[in-house]
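# Close look at the chain arrangement
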Amino acid sequence: MDKMMKKMGMLGGGGGKRSLKPLAKPVLMLIAALLIVMAFLAVSGYDPTAMLIGLKRAVTTDIAGSIRWAIPMLLGGVAVCIPFKAQAFNLGVDGQIYMGAVASTVVALALPANSGFWGLVLVFLAGMAAGMVYAMIAAAMKVYCNTDMVVSTLLLNFVAQLFTEYMAADVLRDSEATVQMNASKLLPESLWLPRLSYLGPSSANAGIYIAIVVCLLAAFLFYKTTLGYEIKIVGSNEEFARYGGMKPKSVILKVMAISGAVAGLIGVIEVTAVQHRLIAGFNPGFGFDGIVVALLANNNPLGVLLSGAFFGILKNGGSNMERATDVPQIITQVTMAIIILSVSSNIVIKKIKLKKRRAKNGTAV
Amino acid sequence: MANAIELLNITKRYPGVVANDDVTVCVQEAEIHGLIGENGAGKSTIMNILYGLAQADKGVIKVFGQECRINSPQDAIGLGIGMIHQHFMLMPNQTVLRNVILGNTPQKGLFIDEKSARQDIEKIMKEYGMKVNLDAKINQISVGEKQRVEIIKALYRNVRILILDEPTAVLTPAETDALLETMQRLKKQGCTIIFITHKLKEVLAATDRVTIMRKGVVTGSGNTSDMSIRKLSELIVGREVNFNIPFENYKPGDKVLEMKNVSTTPRSGAMAIKQINLQVNEGEIVGIAGVEGNGQSDLVEVIAGMVPMAEGSISLCKRDVSGLDIRRRRIGGLGHIPEDRLKTGTSKVCTISENLMLNKYYSRPFSKAGVLNHRKINASANEMCEKFLVKTPNASYQLDTLSGGNMQKVVIAREFESAPNLLIAAQPTRGVDIGAIEYIHGQLAKLRNEGRAVLLVSAELDEVMSLSDRIIVLYEGEIVAQFMRDEANEYEIGEYMLGAKRQEQCHG
């Protein structure tokens with residue numbers, strides 16, 4: 001991967017200097033966050049090493065669980081960072097995940113039970129299309145009515161969530177199930193995305209390959225395509241983009257479409273590989289996790305590969321910690337919050353430094 | 001005469017550059033001292049050191065013979081040194097009076113003593129012959145008046161030494177004359193003035209002595225009476241400067257741009273244009289003169305397709321482009337150097353090569369089926385940097401590592417490389433130094449000599465007059481006069497610019 005990053009001229013950015021320096025900061029911040037959490041645990045009377053025990057299990061005996069969580073983290077990170085590069089904010093990844101899940105379930109249940117590979121492809125396309133369309137509602141409102149996308153995408157989440165509950169609890173509800181729950185019928189087995197059986201029985205599934213490919217494709221999009229160039233220009237100076245004859249509005253529509261499709265993919269994978277049915281509350285907020293992943297990766301899709309994997313491990317480490325010790329899983333949320341704080345404070349510090357330097361230099365040189 | 005200011009052997013280093021290397025500047029009492037040099041020559045640095053915005057690494061500052069340390073602008077004002085920046089530091093929605101007393105307010109108990117403040121200010125205005133309406137809000141007064149407010153503000157703080165940082169860059173010729181007059185009056189009253197400018201004519205007209213800097217060192221100083229434009233510019237640039245723009249004979253060819261009764265819709269913040277009829281032919285430079293804010297922006301942007309047209313028609317190379325979008329107009333042969341290179345013309349956080357490929361990233365060989373060819377792009381960008389003398393190690397550096405003049409060269413390189421039939425050059429030399437101006441003017445002339453059409457918009461009347469084959473004067477969004485080269489002098493054109501006169505045939 002390092003070779004690939006070099007090839008794409010990403011590490012070090014500007015003067016062609018390449019080093020591991022850009023990685024040092026996030027790693028330091030992560031270590032700092034873990035130390036703070038450990039101190040926090042010690043003060044609260046828990047075993048301060050509980051977090052480490054959980055994390056250790058997450059990378060050794062329970063690597064499969066980490067893979068299962070890394071899939072939505074990776075895809076969520078990509079779904080957030082693509083529009084962010086164009087200065088469009090998609091806080092509606094969760095809603096798009098829900099819509100993707102609903103659409104794929106509907107299609108999967110409508111298909112004949114033995115439709116196999118091509119049926120699965122159809123299910124995937126349906127979920128991605130639903131996520132895409134749902135994201136484009138907010139994008140179209142932005143482009144044609146100048147609605148603030150932060151607000152519209154956020155509010156559309158609730159619509160999608162309630163719609164999913166309605167679909168799971170009513171329209172698609174499995175009335176013959178022995179245990180009644182707000183869930184659809186099981187999908188026919190031929191439409192299940194295969195799990196990684198070589199890791200033993202777990203929810204780790206082939207979605208991880210899809211997620212990695214999506215990260216690589218996103219990197220390709222950003223650094224190697226004309227659309228990626230347009231995204232960068234629109235994101236850095238919209239007036240400049242317009243002056244050069246680009247259409248910033250169409251770029252916004254495109255990035256939101258791609259973002260929504262990637263988000264929809266999360267829904268499809270959760271349904272076809274993890275749950276095998278539509279369950280009302282299947283999404284614990286992958287969209288917002290995606291924001292943290294993208295933030296830590298500095299909106300670099302190859303960085304998402306690392307930060308998404310890390311958060312997968314962290315999340316799984318949390319459940320392992322709960323299982324192995326008496327520390328509640330909610331501690332992982334605290335860890336994530338601390339990471340967000342340290343990342344965003346880093347941005348603020350950078351700005352203050354810049355300001356100070358400007359004030360010092362005045363207009364000189 | 002005693003020295004008001006002595007900056008002795010000042011050295012100031014910034015990471016990677018020596019901004020001032022053993023610089024010595026002496027300014028006598030009650031003189032106007034010109035400080036000139038290219039962007040990045042170190043003028044601003046030495047003045048920031050004097051004004052307390054930066055501290056010298058080495059050297060001695062003496063004010064009225066006393067050695068002193070100046071750590072902040074407050075210290076400087078305390079010593080009687082005031083600085084007036086190019087960008088005014090005024091509160092737009094407050095009155096002139098309140099702006100003058102801001103930070104130095106006479107008080108009566110808890111209240112502002114406006115009455116005594118008014119008396120003091122009126123006394124200053126009378127003494128120095130400056131007139132401003134004290135009750136007008138800052139956003140209602142002209143640029144020239146704002147500058148006067150800044151000067152009054154300084155005098156109100158008992159400043160005896162005034163630093164004027166490029167004060168004329170934003171003024172019309174008439175306002176410039178008024179400022180130079182004010183400077184003479186201040187001098188008669190015993191004020192010392194340090195006058196930073198790029199315009200050599202002003203230096204010769206207004207200053208008593210002059211110091212010239214280049215690349216952080218003083219390259220010359222002396223009495224202005226011993227200097228000439230040629231000598232000054234050689235000291236500034238470090239070589240002979242060619243002022244004679246190589247123009248071939250004026251032989252205009254076919255119509256390239258034709259505007260018929262073009263109007264735009266008035267919006268806030270921009271003067272709309274009204275019923276503009278304009279034609280630009282092959283092999284000519286048409287210059288638009290006018291005080292800024294008289295419709296120049298709309299005129300340029302309506303041609304470029306960035307502002308919608310309310311009525312009329314525009315054709316480019318005999319093809320109606322009224323309904324075409326920006327990109328199609330650009331493909332149809334339009335180049336555009338925008339007036340604001342930072343807001344419109346570049347993206348600071350992108351690399352130089354990303355800035356250079358804006359017009360061609362979507363076409364072969366730079367991309368194929370939507371996939372960029374970075375090798376070709378970088379090769380072409382480096383080539384353009386070399387050809388257009390952009391000072392950078394290579395094109396993969398971020399744009400904001402460049403100086404203003406070099407950024408402008410990037411814009412020019414990009415717009416020239418697409419070989420436009422019509423080039424709109426809006427404020428092409430704003431804020432760039434003599435060397436770059438010489439270069440940009442040469443490039444514009446070359447384009448014209450090659451038989452292409454150039455529409456030049458500039459706030460610098462000198463620039464319009466020296467480059468244009470035809471001069472068009474814009475006032476309140478209308479064309480009020482038209483001259484051929486050398487048909488009118490700057491004062492005549494100035495009258496049309498201010499709306500005092502208008503030519504009959506230009507109506508409608």
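Since the model is a prediction, treat every value here as computed from it, not as a measurement.

## Description of the overall build of chain B
- A count of helices and strands for chain B gives 17 helices and 24 strands.
- A globule of 508 residues ought to have a C-alpha radius of gyration of about 23 Å, and chain B, at 25 Å, matches this closely.
- Among the 508 residues that make up chain B, the fraction classed as buried is 46%.
- The long-range fraction of contacts in chain B, counting pairs at least 24 apart against all pairs at least 6 apart in sequence, stands at 68%.

## Notes on the sheet that holds strand S15 (residues 285–289) of chain B
Residues and elements named next belong to chain B.
- Strands sit in the order S18-S21-S22-S15-S23-S24 across an open sheet of 6 strands; the sheet is mixed. In this open sheet, the two strands that pair with only one neighbour each are strand S18 (334–337) and strand S24 (478–484). On average, each strand axis in the sheet is inclined to that of its neighbour by 15°, with strand direction left out of account.
- Sheet analysis places S15 next to strand S23 (residues 470–475), joined by 4 bridges and oriented parallel. Following the sheet pairing, Val286 is matched in S23 by Arg470.
- Helix H17 (residues 490–497) contacts S15, S23 and S24 of the sheet and is inclined by roughly 35° relative to S23.

## Let's talk about the interface of chain A and chain B
- The interface is formed by 24 residues belonging to chain A together with 33 residues belonging to chain B.
- Secondary-structure elements contributing two or more residues to the side of chain A that touches chain B are helix H9 (226–236), helix H10 (238–243) and helix H14 (331–361) of chain A.
- Top element by residues in the side of chain A that touches chain B is H9 of chain A. It accounts for 6 residues.
- For the side of chain A that touches chain B, the residue count by class is 7 nonpolar, 12 polar and 5 charged.

## Details of helix H8 (residues 229–237) of chain B
Residue and element names in this part refer to chain B.
- Burial in H8 covers these residues: Leu232, Ser233, Leu235 and Ile236. Summarising the axial view, the buried residues of H8 lie within an arc of 160°, below the 170-degree limit, and thus occupy one face.
- Where H8 is buried, its residues meet strand S3 (32–36), helix H7 (200–206), strand S11 (209–214), strand S12 (217–223) and helix H15 (434–449).
- Positive phi shows up at Gly238, right after H8, with a value of about 90°.

## Focus on the confidence of the model for chain A
Residues and elements named next belong to chain A.
- Model confidence for chain A is summarised by a mean pLDDT of 87, while 88% of its residues fall at 70 or above.
- Throughout residues 1–18 the model reports pLDDT below 50, and contacts reaching past four residues in sequence, or to other chains, amount to 22 contacts.
- Of the regions scoring below 50 in pLDDT, residues 361–365 engages in 16 contacts with residues more than four places distant in sequence or in other chains.

## Description of unusual backbone geometry
Residues and elements named next belong to chain B.
- Residue Pro365 is bonded to the preceding Arg364 through a cis peptide linkage, with omega at 0°.
- Mapped onto the fold, Pro365 is located in the loop between helix H12 (352–356) and strand S19 (367–368).
- Unusually for a residue other than glycine, Asn158 sits at a positive phi of about 60°.
- A residue is classified by how many C-beta atoms lie within 10 Å of it, and Asn158, with 12 of them, is exposed.

## Re the sheet that holds strand S14 (residues 276–281) of chain B
Residue and element names in this part refer to chain B.
- Taken in spatial order, the 4 strands make up an open sheet running S14-S13-S16-S17, and their pairing is antiparallel. Of all the strands in the sheet, just S14 and strand S17 (319–320) have a single pairing partner and so form its edges.
- In terms of strand pairing, strand S16 (residues 311–316) meets S17 through 2 bridges, oriented antiparallel. When the bridges of S17 are listed, Ser315 appears paired with Asp320.

## Overview of the domain arrangement of chain B
Residues and elements named next belong to chain B.
- When its domains are assigned, chain B resolves into domain 1 (3–237) and domain 2 (255–346 + 421–506).
- For domain 1 versus domain 2, the distance between C-alpha centres works out to 34 Å.
- Taken together, the contact pairs 9 residues of domain 1 with 10 residues of domain 2.
- If you list the elements that add at least two residues to the side of domain 1 that touches domain 2, you get helix H6 (173–188) and H8.

## Comments concerning the nonpolar core
- Val78 of chain A together with Leu50 and Val473 of chain B are the most contacted members of the largest nonpolar core, which has 252 residues in total.
- Examining the composition of this core, we find that 16 residues originate from one element, helix H11 (residues 248–275) of chain A, more than from any other.
- Both domains that furnish three or more residues to this core are identified here as domain 1 (3–237) and domain 2 (255–346 + 421–506) of chain B.

## What about the confidence of the model for chain B?
- Across chain B, the average pLDDT comes to 88, with 98% of residues at 70 or higher.
- Of the two predicted TM-score estimates for the complex, the pTM is 0.78 and the ipTM is 0.81.

## Re the packing of helix H4 (residues 63–85) of chain A against helix H13 (residues 301–324) of chain A
All names here are of chain A.
- Relative orientation of the contacting elements H4 and H13 amounts to 140°, with a least axis distance of 7 Å. When the axis of H4 is compared with that of H13, the two are oblique. Regarding H4 and H13, the two cross each other, and that crossing is right-handed. Counting all contacts with H4, which are made through Gly65, Ser66, Ile67, Trp69, Ala70, Met73, Leu74, Gly77, Val78 and Cys81, the residues of H13 involved are Pro301, Val304, Leu305, Ser307, Gly308, Ala309, Phe311, Gly312, Ile313, Lys315 and Asn316.

## Side note on the environment of Tyr229 of chain A
- Tracing the backbone through its elements, the reader meets Tyr229 of chain A in helix H9.
- Once residues lying within four places of it in the same chain are set aside, the contact partners of Tyr229 of chain A are Glu354, Tyr361 and Leu372 of chain B.

## Overview of the packing of helix H5 (residues 93–110) of chain A against helix H7 (residues 149–171) of chain A
Residue and element names in this part refer to chain A.
- The contact between H5 and H7 brings their axes to 8 Å, and the two run at 25°. It follows that H5 is roughly parallel to H7 by the angle criterion. The handedness of the crossing between H5 and H7 is left-handed. Contacts between H5 and H7 involve Asp94, Gly95, Tyr98, Met99, Ala101 and Val102 from the first element and Leu156, Asn157, Val159, Ala160, Gln161, Phe163, Thr164 and Met167 from the second.
- Grouping the constituent residues of the contact of H5 with H7 by class yields 9 nonpolar, 4 polar and 1 charged.

Criteria and cut-off values
- Residues numbered from 1 in each chain as written.
- Chains lettered and ligands numbered in written order.
- Predicted model: local features only at pLDDT ≥ 70, side-chain atom pairs only at ≥ 80, totals over all residues.
- Helix = DSSP H or I, 4+ residues; strand = E, 2+ residues; numbered from the N terminus.
- Rg over C-alpha atoms; globule rule 2.2 N^0.38 Å.
- Buried ≥ 20, exposed ≤ 12 C-beta atoms within 10 Å, placed from the backbone.
- Contact = placed C-beta atoms within 7 Å.
- Pairing = 2+ DSSP bridges.
- Axes fitted to C-alpha atoms, helices over the stretch in contact; angles between N-to-C directions.
- Nonpolar A, V, L, I, M, F, W, Y, C, P; charged D, E, K, R; others polar.
- Arc of directions from axis to C-beta.
- pLDDT = per-residue confidence, 0-100.
- Domains from an automatic or database assignment.
- Core = buried A, V, L, I, M, F, W, Y, C linked by C-beta atoms within 7 Å.
- Parallel < 35°, antiparallel > 145°, perpendicular 65-115°, else oblique.
- Left-handed = near helix turned anticlockwise from the far one by under 90°.

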